[in-house]
Each structure stands twice: as C-alpha cells, then as structure tokens.
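Understanding the architecture of this molecule
Here's the letter readout for the chains.
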Amino acid sequence: AIYGPALAKAYHLERKVAGYPRIVVGENLRYYIALWKKLPESDPNRQYADFVSALLVTDDDGLIVVNPFSDWYWRTDLTGNRRRMAERCLEFADGERKKFASCGDARLMDRYLRLISFIQNHGSP
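Only a predicted model underlies this, so the values are computations on that prediction, with no experimental measurement involved.

Right, let's talk about the overall build of the protein for a bit. Check the secondary structure of the protein and you find six helices and two strands. Along the protein, from the amino end to the carboxyl end, the secondary structure elements read α-α-α-β-β-α-α-α. Overall, the C-alpha framework of the protein stretches about 55 × 40 × 30 Å when taken along its three principal axes. In the protein, buried positions account for 26% of the 125 residues. Within the protein, contacts between residues separated by at least 24 positions form 45% of all contacts whose residues are at least 6 apart in sequence. Element-wise, carbon and sulfur atoms account for 56% of the exposed surface of the protein, whose accessible area totals about 8700 Å². Charged side chains in the protein number 19 positive and 16 negative. The centres of these two groups are separated by 3 Å.

All right, on to a positive patch on the surface then. Residues Arg 15, Lys 16, Arg 107 and Arg 111 make up a contiguous surface patch of positive charge. For the positive patch, the elements supplying multiple residues, two or more each, are α1 (5-17) and α6 (106-122). Along the chain, the position of Lys 16 falls in helix α1.

Note that Arg 83 resides in helix α5 (residues 81-102). Arg 83 sits in the partly exposed class, given a relative accessible area of 41%.

Glancing now at the nonpolar core. Ranked by size, the top nonpolar core spans 15 residues in total, and within it Val 65, Phe 69, Ala 93, Tyr 112, Leu 115, Phe 118 and Ile 119 carry the most contacts. Elements supplying a minimum of two residues to this core: α5 and α6. Looking at this core, the element that brings in the most residues is α6, giving six residues.

For Ile 119, the position within the fold is in helix α6. Separated by 32 residues in the primary sequence, Ile 119 and Glu 87 have C-alpha atoms spaced 8.7 Å apart. Once you skip the residues sitting within four places of it in the chain, Ile 119 turns out to touch Phe 69, Ala 86, Cys 89, Leu 90 and Ala 93.

By secondary structure assignment, the location of Asp 105 is in the loop between α5 and α6. Judged by its relative accessible area of 23%, Asp 105 falls in the partly exposed class. As a C-alpha pair, Asp 105 and Pro 44 span 61 residues in sequence and 47 Å in three-dimensional space. A polar side-chain atom of Asp 105 sits 3.1 Å from the main-chain amide nitrogen of Leu 108.

So, on to the packing of aromatic side chains. As enumerated under the stated definition, the model contains five aromatic pairs in all. Every member of this aromatic cluster is reached through a ring pair, and the members are Tyr 31, Tyr 32, Trp 36 and Tyr 48.

For the rest of this paragraph, the subject is the packing of α5 against α6. Two elements in contact, α5 and α6, have axes separated by 8 Å at closest approach and are oriented at 160°. Judged by the angle between their axes, α5 and α6 are roughly antiparallel. By crossing handedness, the relation of α5 to α6 is classed as left-handed. Across the interface between the two elements, Ala 86, Cys 89, Leu 90, Phe 92, Ala 93, Asp 94, Glu 96, Arg 97, Phe 100 and Ala 101 from α5 touch Leu 108, Met 109, Tyr 112, Leu 113, Leu 115, Ile 116, Ile 119 and Gln 120 from α6.

Looking now at the confidence of the model for the protein. Taken residue by residue, the protein gives an average pLDDT of 89. The fraction at 70 or more is 94%. Highest mean pLDDT in the protein belongs to strand β2 (residues 64-66) (94); lowest belongs to helix α4 (residues 71-76) (70).

Thresholds applied
- The numbering scheme is per chain: residues are counted from 1 as the chain's sequence reads.
- At least 70 in pLDDT is required for a residue's local features to be given in this predicted model, at least 80 for side-chain atom pairs to be given and counted, and no such filter applies to totals for whole chains, interfaces and linings, which use all residues.
- Side-chain measures here rest on the full set of heavy atoms in the structure, leaving out hydrogens and waters.
- A run of H or I in DSSP becomes a helix once it reaches four residues, and a run of E becomes a strand once it reaches two; helices and strands are each numbered from the N terminus.
- Whether a residue is buried, partly exposed or exposed follows from its accessible area with a 1.4 Å probe, protein chains only, as a fraction of its type maximum: under 20%, in between, or over 50%, in that order.
- Contacts: residue pairs with any heavy atoms within 4.5 Å of one another.
- Areas reported here follow the Shrake-Rupley algorithm with a probe of radius 1.4 Å; residue values treat only the protein chains shown as occluding.
- By the counting rule applied here, Lys and Arg register as positive and Asp and Glu as negative, while His and the ends of each chain are not counted.
- Each charge is placed at NZ for Lys, CZ for Arg, CG for Asp and CD for Glu.
- What goes into a patch is any residue over 30% in relative accessible area without a salt bridge, connected to like charges within 9 Å or, for nonpolar side chains (Val, Leu, Ile, Met, Phe, Trp, Tyr), within 5 Å.
- Salt bridge, as applied in this entry: a Lys or Arg side-chain nitrogen positioned within 4 Å of an Asp or Glu carboxyl oxygen.
- What we call a nonpolar core is a set of buried Ala, Val, Leu, Ile, Met, Phe, Trp, Tyr and Cys residues that are connected through their side-chain atoms within 4.5 Å.
- Definition of a polar contact: a pair of N or O atoms within 3.5 Å, with one able to donate and the other able to accept a hydrogen when the atoms are protein atoms, and with sequence-neighbouring residues admitted only if both atoms are side-chain atoms.
- Between the rings of Phe, Tyr and Trp (Trp by its six-membered ring), a pair exists once the centres lie within 6.5 Å; its type follows the angle of the planes, with under 30 degrees stacked, over 60 edge-to-face, and the other angles tilted.
- Axis angles are defined between N-to-C directions and span 0 to 180 degrees, where every axis is a line fitted to C-alpha atoms and, for a helix, only to the segment in contact.
- Orientation is classified from the angle alone, with under 35 degrees giving roughly parallel, over 145 giving roughly antiparallel, 65 to 115 giving roughly perpendicular, and any other angle giving oblique.
- Two helices crossing with the near one rotated counterclockwise from the far one by less than a right angle form a left-handed crossing, whereas a clockwise rotation gives a right-handed crossing.
- Values of pLDDT, the confidence the predictor places in each residue, fall between 0 and 100.

Structure (structure tokens):
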C-alpha cells in the first residue's frame, strides 16, 4: 500500500470535510492554480490553471468544490446531454433522499438534501 501526506490530506477532505457527495479542492491545488494564473497566457500551465478554475465553484458553505455542471460543460455541449445528466442526477438524489427519509436516517437524508440543493443551484445553465 502507498501512503503519504497527499493521500492523508485527500482522505481527510473526503471523510471529514466533504460531508456529502462532492469533491472538495484542497489548499495545495488552490495554491498552484493561483501561482500558475500569474504566468503569461501563452504558457501551458496558465492555460491548465484557467481550465481547472472554470471547473470549480464555491459551495454554500464556502468550500471550493469541483462543479460537474460548470459553465465550460454547458458551452461545449451542443446536444443537451449535460441537461439530461443534471436531471438524472437530481432524480437519483431525490429518490435517495426519499428512501432515507422513509427509513428515518436523518444524517443521509440531510446529505442528499444538500446534494439536491447543489444540483439545483449549479445543474442548469
């Protein structure tokens, strides 16, 4: 098994910080993005930083997370697949919320309520 500081930080973000199905971006990635954005626009690292930045959003709790429904996806989707994906995600999350509500699992129901809110806030152009 491979174990080190990077894996420990990723595990901490996933286990203790994320709180519901989402990818929280750590300090190191945010630092490197900010650093690379200072490079000339023609530099590939700057272009990568711009691309990655377009995939990130500040969530309702102030954490920076990967947005699978980012504007970049909407601009490149000419067939409407992203909208259908968002609708399917919302349908699934609401089904899970109902399932956990019916069995009295408030903790998981709350996680899916937060996911539903995220999808509603970011899932359509």
